[in-house]
Amino acid sequence: MEERIIDDEYGRGIRLKKTKEGYVDVTDELAEGGEEYEDAEEVAFEFPVLDTDEDDEDLVGLSPEEAARVRREKEEAIKKRREEYERTCKEGDELLASGSFHAAELKFERALQLDGDATEASVGYWRAKTADFTKPDILIGEYAEAGFESLEYDLGAEATAIICRKYKPAFEARVKELEDEEGPLAQEVESKQEARRTVLTERVKRATVGFVASLVPALALLVLTIVFGLKNFTTREDTFVLPTILLGSAFFVCFIAFILLANKFINALRIRSANERLSSTEGGARLLEIRSYKQLYQTLIENGAQTGDEEE
């Protein structure tokens, strides 16, 4: 007996036939001209055909009516979150306009939690945090070390572009202020560094002489002590005992001097190395900070110029 399963709203038939050779032939019930095998075991299955491409684990095992209800509930929840997001951003904008920056920051922080793709909230949050970018160093200080890529990733590419374009004049003004501070500070830091370098170079030279002067006799006495010590095993008399003791004592004294002078030599090298690092002094650390701030500001300004040209 041959059975044909028609395509309906629930599914379509798939026929599996086991042939004499032991293979399984799969035939679409709606296809024409399927190959027939004699003496074949025949089994028919029905597979549901979904009318949607949605891949949602919450819909697995649900009837069409239940699935539709779950979708409606999700759509309503998304709509409510979006409405709350827009309302929160509007309240944040009103607080920004009134100069209530801290309250606006809290509002936009709440909006960021409501929407993952929150360009408006991201821009508003940093407007509030920086007092509408009258204090842009707050933003720059957060990302000066991490760099522009990290800033763009956290704020979002669109929000970053808006900030760069809208507040480009504020960034340029801040760069000018930093350059005015950098010039005198760099001159002061570098002059002090050079003065210390001269003193420290002489100190390293003296420490090197003392280090070598203590190392050579210490090594010589150590070798002689070992040589005379070994000679004690070549004779039954105590001929080399006293020289070994004297040489060992002299080596011990030279070794103590060597340790002290070596420590002085190492400290001199360490201090000279620290002097070459700008971060080792307060003025040098500030100079490095200014330069890192300027670099990020320049990147934001260039980005703002590019986005402005694209809009035109």
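Residues numbered from 1 in each chain as written. Predicted model: local features only at pLDDT ≥ 70, side-chain atom pairs only at ≥ 80, totals over all residues. Heavy atoms only, no water.

1. Some details on the pattern of salt bridges
Stated formally: A carboxyl oxygen of Asp or Glu within 4 Å of a side-chain nitrogen of Lys or Arg is what we treat as a salt bridge. Secondary structure elements follow DSSP: runs of H or I no shorter than four residues count as helices, runs of E no shorter than two count as strands, and numbering proceeds from the N terminus.
All told, the structure shown has 17 salt bridges when counted by the stated rule. Two residues, Lys-129 and Glu-105, come together in a salt bridge whose shortest N-O distance is 3.4 Å. With Lys-129 in helix H3 (residues 119–129) and Glu-105 in helix H2 (residues 101–114), the pair connects residues that are 24 residues apart, well separated along the chain. Across the pair Glu-194 and Arg-197 runs a salt bridge whose closest N-O atoms are separated by 2.2 Å. Linking Glu-194 with Arg-197, this pair stays in helix H7 (residues 168–231), spanning 3 residues, or about one helical turn. Among the ionic contacts, a cluster of salt bridges with common partners joins Glu-182, Glu-190, Arg-291 and Lys-294.

2. Some remarks on the side chain of Asn-303
Basically, it comes down to this: The contact criterion used is simple: two residues touch if any of their non-hydrogen atoms lie within 4.5 Å.
Here Asn-303 lies in helix H9 (residues 282–311). When near neighbours in sequence (up to four residues on either side) are disregarded, Asn-303 contacts Phe-148, Thr-160, Ala-161 and Cys-164.

3. Quick look at the environment of Asn-275
The residue Asn-275 is located in helix H8 (residues 241–275) in this model. For the pair formed by Asn-275 and Arg-197, sequence separation is 78 residues and the distance between their alpha carbons is 7.0 Å.

4. Considerations on the nonpolar core
Put simply, the rule reads: The term nonpolar core refers to a set of buried residues drawn from Ala, Val, Leu, Ile, Met, Phe, Trp, Tyr and Cys, joined through side-chain atoms within 4.5 Å. Buried means the residue's accessible area, taken with a 1.4 Å probe over protein chains only, is under 20% of the maximum for its type, while exposed means over 50%, and partly exposed covers the values in between.
Trp-126, Ile-163 and Phe-171 are the most contacted members of the largest nonpolar core, which totals 39 residues. Secondary-structure elements contributing two or more residues to this core are helix H1 (64–98), H2, H3, helix H4 (137–143), helix H5 (148–155), helix H6 (157–166), H7 and H9. For this core, the element with the highest residue contribution is H9, accounting for 7 residues. In contact with Ile-163, not counting residues within four places along its chain, are Val-123, Trp-126, Phe-133, Leu-155, Lys-168 and Phe-171. If you look at the next biggest cluster of nonpolar residues, it comprises 7 residues, including Val-204, Ala-207, Phe-211 and Ala-268.

5. Observations concerning the environment of Glu-182
What counts, and what does not: Residues adjacent in sequence count toward polar contacts only when both atoms are side-chain atoms; beyond that, a polar contact is any pair of N or O atoms within 3.5 Å, and within protein one must be able to donate a hydrogen and the other to accept it.
Note that Glu-182 resides in helix H7. In sequence terms Glu-182 and Leu-288 are 106 residues apart; their C-alpha atoms lie 9.5 Å from each other. Apart from the residues within four sequence positions on either side, Glu-182 is in contact with Leu-287, Ile-290, Arg-291 and Lys-294. Among the polar contacts made by the side chain of Glu-182, one reaches the side chain of Lys-294 at a distance of 2.8 Å.

6. What about the packing of H1 against H2?
Note the threshold: Helix axes use the C-alpha atoms of the stretch in contact, all axes being lines fitted to C-alpha atoms, and the angles between their N-to-C directions lie in the range 0 to 180 degrees. Comment on the angle field: the value is read as roughly parallel under 35 degrees, roughly antiparallel over 145, roughly perpendicular from 65 to 115, and oblique elsewhere. Left-handed is the label given to a crossing in which the near helix is rotated counterclockwise from the far helix by less than a right angle, and right-handed is the label when the rotation is clockwise.
Contact geometry for H1 and H2: axes closest at 8 Å, N-to-C directions at 165 degrees. In terms of axis orientation, H1 runs roughly antiparallel to H2. The chirality of how H1 crosses H2 is left-handed. Here Arg-81, Glu-84, Tyr-85, Thr-88, Cys-89, Glu-91, Gly-92, Asp-93, Leu-95 and Leu-96 of H1 come into contact with H2, specifically with Phe-101, Ala-103, Ala-104, Lys-107, Phe-108, Arg-110, Ala-111, Gln-113 and Leu-114.

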